[in-house]
Amino acid sequence: MRRLRMKFYDPAEGKSKTLSVDGVLETLTQAEIEPIMQSLIGVLVPTTAQVDEAEIVETTTNEVFNLIQ
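Residues numbered from 1 in each chain as written. Predicted model: local features only at pLDDT ≥ 70, side-chain atom pairs only at ≥ 80, totals over all residues. Heavy atoms only, no water.

Quick notes on the sheet that holds strand 2 (residues 15-22)
Argument step 1. An order of 2-1-3 is seen for the three strands of this open sheet, with the pairing classed as antiparallel. In this open sheet, the two edge strands, each paired with only one partner strand, are strand 2 and strand 3 (50-58). The average undirected angle you get between the axes of adjacent strands in this sheet is 20°.
Argument step 2. Where strand 1 (residues 2-10) lies against strand 2, eight bridges are found, and the strand directions are antiparallel. Across the sheet, the residue bridging to lysine 7 is threonine 18, located in strand 2.
Argument step 3. The sheet strands contacting helix 1 (residues 30-40) are strand 1, strand 2 and strand 3, and the helix crosses strand 3 at an angle near 125°. (Pairing = 2+ DSSP bridges. Helix = DSSP H or I, 4+ residues; strand = E, 2+ residues; numbered from the N terminus. Axes fitted to C-alpha atoms, helices over the stretch in contact; angles between N-to-C directions. Contact = heavy atoms within 4.5 Å.)

What follows is the structure, given as structure tokens:
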């Protein structure tokens, strides 16, 4: 699964906040992602937050067992 991980830094709190979105395209660019992150400030992250970084993460899941299907 491909996941977009967006990291914001809030200097007022001295903490980072991370939002993840599953199932994104591998070809996303900074020019496409950064405006979306800006629009999340004041909505999903505090108004004092700043865009920090974004990365696309590829994950693999190996199910060990699933007893109830």
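Examining the environment of proline 11
Argument step 1. Inspection of the secondary structure puts proline 11 in the loop between strand 1 and strand 2.
Argument step 2. Judged by its relative accessible area of 43%, proline 11 is partly exposed.
Argument step 3. Proline 11 sits 58 residues away from glutamine 69 along the chain, and the two C-alpha atoms are 45 Å apart.
Argument step 4. Once you skip the residues sitting within four places of it in the chain, proline 11 turns out to touch Thr48 and Gln50. (Buried < 20%, exposed > 50% of the residue type's maximum accessible area, 1.4 Å probe, protein only.)

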